[in-house]
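# What the coordinates show
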Amino acid sequence: MAIRLPASERRSQLLEVALEEFAANGYHLTSMNQVAEAAGVTKPVLYQHFRSKKALYRELLEDVSIGLAEAISEATLAAEGPRQQVEAGLRSYFGYVTKHRAAATILYGGGDRRDGEFADAIRRVEETIVEEITPLIRVEGLDDEGRRLLAHGVVGLTEGTSRHWVASGYEPDPDELAARVAELAWAGLRGVHA
């Protein structure tokens, strides 16, 4: 029998357990029964917190988005200068992927990102990160839309790296990877002229 928790603690616990289950099995192969069983609760308790599996998964994606964006924002605010901000942001990003592997797996590891039901939610994750990166791109004469476009390029670079990392099982040092990707991104951004 599950220990009775306050509603907010139970909801957090259910999200943590669901994240692990979805990361291990993917969205389509994970059932609400599995999540409830893994959490040590009944299915009705799970449905008291989440009206459907889709709602639960979307909330997980939103939580991942917020956590990743906050980590990047904190890192870039603490860094001095644009180059240091790029590297700090990438260090934070890849550190997040390392520490929150299940979150990275639901974002980058499965086919769920191409699923029409979740493509919009994953795009919102990407847009949240783009919002953090756009102000860091400083190219004289480049307008806001041009900076935003380049921010999407940087996000594509980091996401492509993360997808390969998660899918291959390769375990790079996140700080070293951040330094290399930052060098690649910085060299590319320095070559941009408006």
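Figured I'd write up the structure that's included with this text. Since the model is a prediction, treat every value here as computed from it, not as a measurement.

Now for the overall build of the protein chain. Across its full length, the protein chain carries nine helices and zero strands. Listed N to C, the secondary structure of the protein chain is α-α-α-α-α-α-α-α-α in terms of helices and strands. Along the first, second and third principal axes, the C-alpha atoms of the protein chain reach 60 × 30 × 30 Å. Of all 194 residues assigned to the protein chain, the portion counted as buried reaches 45%. Counting contacts in the protein chain only where the partners sit at least 6 residues apart, residues at least 24 apart contribute 67% of the total. For the protein chain, the exposed surface amounts to about 10,300 Å²; the carbon and sulfur share of it is 51%. With 22 positive and 30 negative side-chain charges, the protein chain shows a separation of 4 Å between the mean positions of the two kinds.

For the rest of this paragraph, the subject is the packing of aromatic side chains. By the definition in use, this model includes five aromatic pairs. Between Phe 22 and Tyr 27 the ring centres are 5.9 Å apart and the planes differ by 20°, which places this aromatic pair in the stacked class. According to the relative accessible area criterion, Phe 22 is buried, its value standing at 2%. With relative accessibility at 6%, the residue Tyr 27 sits in the buried group. Measuring from centroid to centroid gives 5.9 Å for Phe 94 and Trp 165, while their planes differ by 45°, and the two rings are tilted.

This brings us to the side chain of Thr 134. Looking at the secondary structure, you find Thr 134 in the loop between helix H7 (116–133) and helix H8 (144–168). We classify Thr 134 as buried; its relative accessible area is 10%. Of note is the side chain of Thr 134, whose polar atom sits 2.8 Å from the backbone oxygen of Val 130. Once residues within four sequence positions are removed from consideration, Thr 134 is found in contact with Asp 144, Arg 147, Arg 148 and Ala 151.

An ideal rise of 1.5 Å per residue puts 27 Å on 19 residues; helix H1 (residues 7–25) measures up with 26 Å between its terminal C-alpha atoms. Residues of H1 that are buried: Arg 10, Gln 13, Leu 14, Leu 15, Val 17, Ala 18, Leu 19, Glu 21 and Phe 22. The first or second residue beyond H1 is Gly 26, which carries a positive phi of 85°.

With that settled, the discussion passes to empty space enclosed by the protein. What the rule picks out here adds up to two cavities of 30 Å³ or more. In this structure, the largest cavity spans a volume of roughly 160 Å³. If you go around the largest cavity, you meet 14 residues; those closest to its centre are Val 86, Leu 90, Ile 133, Leu 136 and Val 154. Put simply, the parts of the chain that give the lining of the largest cavity at least two residues each are helix H5 (81–99), H7, H8 and helix H9 (174–190). At five residues, the largest contribution of residues to the lining of the largest cavity is made by H5. Classifying every residue of the lining of the largest cavity by side-chain character gives eleven nonpolar, three polar and no charged.

Below, the discussion takes up the pattern of salt bridges. Overall, the coordinates contain nine salt bridges when judged by the stated rule. Salt-bridge contacts for Arg 147 lead to Asp 144; the nearest nitrogen and oxygen are separated by 3.1 Å. Highlighted residues: Arg 147 and Asp 144, both in helix H8, separated by three residues, approximately one helical turn. Overall, Asp 144 belongs to the exposed group, its relative accessible area being 55%. Several salt bridges converge on common partners, so that one network encompasses Glu 87, Arg 91 and Asp 175.

Before going further, it helps to spend a moment on the packing of helix H4 (residues 53–78) against H5. As a packed pair, H4 and H5 sit with axes 8 Å apart at the nearest point and diverge in direction by 145°. As for how H4 packs across H5, the hand of that crossing is right-handed. Across the interface between the two elements, Val 64, Gly 67, Leu 68, Ala 71, Ile 72, Ala 75 and Thr 76 from H4 touch Gln 85, Ala 88, Gly 89, Ser 92, Tyr 93 and Tyr 96 from H5. A breakdown of the residues in the contact of H4 with H5 according to their chemical character gives eight nonpolar, five polar and no charged.

Calculation notes
- Residues numbered from 1 in each chain as written.
- Predicted model: local features only at pLDDT ≥ 70, side-chain atom pairs only at ≥ 80, totals over all residues.
- Heavy atoms only, no water.
- Helix = DSSP H or I, 4+ residues; strand = E, 2+ residues; numbered from the N terminus.
- Buried < 20%, exposed > 50% of the residue type's maximum accessible area, 1.4 Å probe, protein only.
- Contact = heavy atoms within 4.5 Å.
- Areas by Shrake-Rupley, 256 points an atom, 1.4 Å probe, with all protein chains shown as cover.
- Lys, Arg positive; Asp, Glu negative; His and termini not counted.
- Charge placed at Lys NZ, Arg CZ, Asp CG, Glu CD.
- Phe/Tyr/Trp six-rings, centres within 6.5 Å; stacked < 30°, edge-to-face > 60°.
- Polar contact = N/O pair within 3.5 Å; in protein donor to acceptor, adjacent residues only side chain to side chain.
- Expected span 1.5 Å × (residues − 1).
- 1 Å grid on protein atoms, 1.4 Å probe; cavity = no way out; pocket = protein on both sides within 12 Å on 5 of 7 lines; lining within 4 Å.
- Points joined across faces, edges and corners; volume = space filled by probe spheres on them.
- Nonpolar A, V, L, I, M, F, W, Y, C, P; charged D, E, K, R; others polar.
- Salt bridge = Lys/Arg side-chain N within 4 Å of Asp/Glu carboxyl O.
- Axes fitted to C-alpha atoms, helices over the stretch in contact; angles between N-to-C directions.
- Left-handed = near helix turned anticlockwise from the far one by under 90°.

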